[in-house]
Amino acid sequence: MTPPTSIPAAAPVVLRAQDVWKSYDQGAITVLNGVDFVAGKGETVALCGPSGCGKSTLLHLLGGLDEPDRGLISVNSVEINRHTNPLRLLRYEVGFVFQLHNLIPDLTLQENCLIPTVAAGVPRPTALARLQDLAERTGLGHRLHQRIQKLSGGERQRTALCRALMNKPRILLADEPTGSLDEKTSSVIFNLLLDIVAKEGVTLVMATHDRALAQRCDRLVEMRDGRIHEPQPL
Ligand SMILES: Nc1ncnc2c1ncn2[C@@H]1O[C@H](COP(=O)(O)OP(=O)(O)OP(=O)(O)O)[C@@H](O)[C@H]1O
Ligand SMILES: [Mg+2]
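Please read all numbers here as calculations on a predicted model, not as lab measurements. (Residues numbered from 1 in each chain as written. Chains lettered and ligands numbered in written order. Predicted model: local features only at pLDDT ≥ 70, side-chain atom pairs only at ≥ 80, totals over all residues.)

> Residues and numbers for the packing of helix α3 (residues 109-119) against helix α5 (residues 153-165), please.
Two numbers describe how α3 lies on α5: the axes approach to 8 Å, and their chain directions differ by 30 degrees. Considering the angle they form, α3 stands roughly parallel to α5. The two elements α3 and α5 cross, and the hand of that crossing is right-handed. Only T159, C162 and R163 of α5 make contact with α3, whose side of the interface consists of L109, N112, C113 and P116. Of the residues in the contact of α3 with α5, the class split is four nonpolar, two polar and one charged. (Axes fitted to C-alpha atoms, helices over the stretch in contact; angles between N-to-C directions. Helix = DSSP H or I, 4+ residues; strand = E, 2+ residues; numbered from the N terminus. Parallel < 35°, antiparallel > 145°, perpendicular 65-115°, else oblique. Left-handed = near helix turned anticlockwise from the far one by under 90°. Contact = placed C-beta atoms within 7 Å. Nonpolar A, V, L, I, M, F, W, Y, C, P; charged D, E, K, R; others polar.)

> Account for the site of ligand 1, with residues named and values stated.
Taken together, Y24, D25, I29, V31, S51, G52, C53, G54, K55, S56, T57 and Q99 form the complete shell of residues around ligand 1. Listing elements by their share of the shell around ligand 1, those giving two or more residues are β2 (29-40) and α1 (55-62). At three residues, α1 tops the list of elements feeding residues into the shell around ligand 1. Here the shell around ligand 1 is built from residues that sort into four nonpolar, six polar and two charged. (Near = placed C-beta within 6 Å.)

> Run through the environment of R143, naming residues and quoting values.
Note on placement: R143 falls in the loop between α4 (124-137) and α5. C-alpha of R143 to C-alpha of L107: the two residues are 36 residues apart in sequence and 12 Å apart in space. Dropping the residues within four chain positions of it, R143 is found in contact with L109, L151 and E155.

> Outline the sheet that holds strand β1 (residues 13-24), listing residues and values.
Spatially, four strands are ordered β2-β1-β4-β5 in an open sheet, and the strand pairing comes out antiparallel. Of all the strands in the sheet, just β2 and β5 (78-79) have a single pairing partner and so form its edges. Against the sheet, α1 touches β1, β2 and β4 (70-75), its axis set at about 125 degrees to β1. (Pairing = 2+ DSSP bridges.)

> Residues and numbers for the sheet that holds strand β9 (residues 219-224), please.
One open sheet holds the six strands; their spatial order is β6-β7-β8-β3-β9-β10, and the pairing between them is mixed. Of all strands in the sheet, those with a lone pairing partner are β6 (94-97) and β10 (227-229), marking the two edges. For this sheet, the mean angle separating the axes of adjacent strands, direction not counted, is 20 degrees. Both strand β7 (residues 171-175) and strand β8 (residues 203-207) contribute to a ladder of five bridges, which runs parallel. Bridge pairing in β8 places I171 opposite T203. Sheet contacts for α1: β3 (44-48), β7, β8 and β9; angle to β8, the most-contacted strand, approximately 150 degrees. Packing against the sheet, α5 makes contact with β6 and β7, and its axis sits at approximately 165 degrees to β6.

> Describe the pairing of β7, naming the residues involved and giving the relevant values.
Where a strand is regular, its side chains alternate between the two sheet faces. With five of its five residues buried, β7 lies for the most part within the structure. Of the two faces of β7, the one lined by I171, L173 and D175 and the one lined by L172 and A174 are each fully buried. Pairing analysis gives four bridges linking β6 to β7, with the strands arranged parallel. Bridge assignment links V94 to a residue of β7, and that residue is I171. Tracing the backbone out of β7, into helix α6 (residues 183-200) and back to the parallel element β8 gives a crossover that is right-handed. (Buried ≥ 20, exposed ≤ 12 C-beta atoms within 10 Å, placed from the backbone. Right-handed = clockwise from strand over helix to strand, strands pointing away.)

Encoded structure:
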């Protein structure tokens, strides 16, 4: 087993994967071959590597959306498995921006963003105030009652970001949060993302193909052949 990638000594570990293995189709496709990974509190980490190397798979496992075949995942030192109720984790501790957004096209921006707050039992006035704040910070204040299908790609991406942040998660897992956008829009959205995570002290792990954005994170880790390789010096 290779040692976990390093983080600044001062930052407590909030996310950990230890010797994590994952395959699909009854073992026909092995995607993760003993991944070791840690992220410290408040750290921003870019996860890079070629298409199909397992970035989304690893993010799903870290967020409790899927289970490893072998190995341990822990969030805030609590091991995540079917006995520790990963749904609870997702509602309160972890926000997830999906690679393909996973927004409901027939619902409005506001309705989409309120869904996780209903699941978490957040009072409606509190949820609406949080949404108002996030929507204004992301330039979506005038779009709250627009259906998702009428929003542009960039607006959808920002909506997905707002939805992931609604319950004030301590950890944000973002899968290509600027994937389908042009360079300029992508940079604007990434700036917003970094600004919000810095102000709220959120730990960010972001899968990205965009090296320029990745370089702006505290750490860049490379996935290759189903494993994590040591961070490159930035
Ligand atoms: N549910 C699944 N069933 C079968 N194979 C899958 C499943 N999910 C992912 N895979 C396969 O696992 C491998 C890793 O997929 P993953 O989505 O994690 O890659 P990725 O690094 O996120 O790629 P990209 O950069 O294109 O988003 C790919 O070969 C993919 O086809
Ligand atoms: Mg992916």
